[in-house]
Amino acid sequence: MKKEEVQEIFLKILREEEDVSVGVAAIKTLLTVIENYKVATVRELDLNLQLAVDAMRHCDQPVTAISSGCELFMRFITFAKLDVKSFEECEQIMLQRGRVFLDTLLEARGKVAKEALPFISDGCKILTHSRSRVVLAAMLEAVKANKRFQVFVTSSCPDNSGERMHKELVAAGIEATLILDSALGYIMEQVDIVMIGAEGVTESGGIINKIGTYCLAMSALELKKPVYVLTESFKFSRIYPLNQQDLPNEFKYLSSVIASGDLSKQHPMVDYTPPSYITLLFTDLGILTPSAVSDELIKLYL
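Residues numbered from 1 in each chain as written. Predicted model: local features only at pLDDT ≥ 70, side-chain atom pairs only at ≥ 80, totals over all residues. Heavy atoms only, no water.

Q: Mind showing me how you'd approach the sheet that holds strand 4 (residues 193-196) here?
A: Within a sheet, each strand pairs with its neighbour through backbone hydrogen bonds, oriented either parallel or antiparallel. What the seven strands build is an open sheet, ordered 3-2-1-4-7-9-10; its pairing is mixed. Every interior strand has two partners, whereas the edge strands, strand 3 (175-179) and strand 10 (286-288), have only one. Recorded for the sheet is a direction-independent mean angle of 25 degrees between the axes of neighbouring strands. Here strand 9 (residues 280-283) pairs with strand 10 via three bridges, running antiparallel. When the bridges of strand 10 are listed, Leu281 appears paired with Leu288. Here helix 5 (residues 87-116) sits on the sheet in contact with strand 7 (227-230), strand 9 and strand 10, set at roughly 135 degrees to strand 9. (Pairing = 2+ DSSP bridges. Helix = DSSP H or I, 4+ residues; strand = E, 2+ residues; numbered from the N terminus. Axes fitted to C-alpha atoms, helices over the stretch in contact; angles between N-to-C directions. Contact = heavy atoms within 4.5 Å.)

As C-alpha cells, then:
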C-alpha cells in the first residue's frame, strides 16, 4: 500500500461527498484500507492503518478531527485482537466493528442537533462563527420545530467559510446576517446565545476551533452571554494544552505550510478556547459541562 493511494481515497471521499466532515472521511478511508488491502497478520494490518493515518495527516486538510477520530476508531476495532485466534476472523470482526463505529458517527450530528433544540427559543438571537455542519443541523432542526430566530455569522477569515454558512441559513429561510470578524464585540451585546462547533475537544473540556473562536468566547464571557459548543464525541482528543503555544503545529497549520519552513510569520488555522469560557457542550453522549469531558474520555478509552 502506497501513501499516495491512501491520500487519493481520502481526497476522493471529500470531493464526492459534499457534506462529509474530515473526521468521517478519515474513518471511511481506514475502512477502505481494511477491505481492499489484504494482509496476512494483525501486525501488517496495524502498520497499514498507521501508514494510512499518517498519509491523511499530510493531505493539507485540518488534522484535529483526523487525529481524534482515527485514534478512537483504532481503539474501538482492535479489541477484536483479543477475541479470536485466526486472523481471518479477526479481520472480519474489525470490519464489522468499523462499520458500527462509522454508523454511530453518521448518526451523531442528528443527536447533537436534537440535544440543542430546547436551547433555541422563539425570537432569540444567535451568534455563530465560521461554518459548522452540526450547528447548521441544529438550526435546521429548530426551523422544523417552527421556531423563529435570528443568526449572526462571522465571515471567518482567511477562508471566509462563514459566507457559505450564511448562504445555507438564508436558503433554509432563516434570518441571517453576515458580519465582519472584527464586529463580533459590537454584535455581542445584541445576541442571546453563542452557538459554535469544534474541530476538537481537549481533555480539559476546552475546544480547538477555527481561528477567532477564542476572541469570540472572551467577548461573550465579558458580556455574560452563554457559549454553547455543538460537537460529536469522536472529536474528543487526549491532549491537554495550557495555552495557544501548547497546540501541536500540525493542528494549527496545513502540512504544506509546515513543510515550507518558518512558521513565525504564518497565521494559524485554529486556536484553543479554555474550558472556563464554555458554558455547555452538546454532544451525542448528552449535554456535558466542560469538566465532564475527561470522564467521558476515560469511558471511551476503557
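Q: Help me out: how do you make sense of the pattern of salt bridges in this one?
A: Once their charged atoms are close, side chains differing in charge can pair, the charge on each being opposite to the other. Scanning all chains against the criterion turns up 15 salt bridges. Connected through shared salt-bridge partners, Glu18, Asp19, Arg109, Arg131, Arg133, Arg164 and Glu168 make up one network. (Salt bridge = Lys/Arg side-chain N within 4 Å of Asp/Glu carboxyl O.)

Q: Whenever I open this one, unusual backbone geometry confuses me. Can you help?
A: Glycine aside, negative phi is the norm for most residues, and most peptide bonds take the trans geometry. Cis peptide bonds are those with omega within 30 degrees of zero, and the linkage from Cys157 to Pro158 qualifies with 5 degrees. Of note, Pro158 is situated in the loop between strand 2 (150-154) and helix 7 (161-171). Although it is not a glycine, Asn160 sits at a positive phi angle of roughly 55 degrees. Looking at the secondary structure, you find Asn160 in the loop between strand 2 and helix 7. Phi is positive for Lys224, close to 60 degrees, though the residue is something other than glycine. Along the chain, Lys224 turns up in the loop between helix 9 (213-222) and strand 7.

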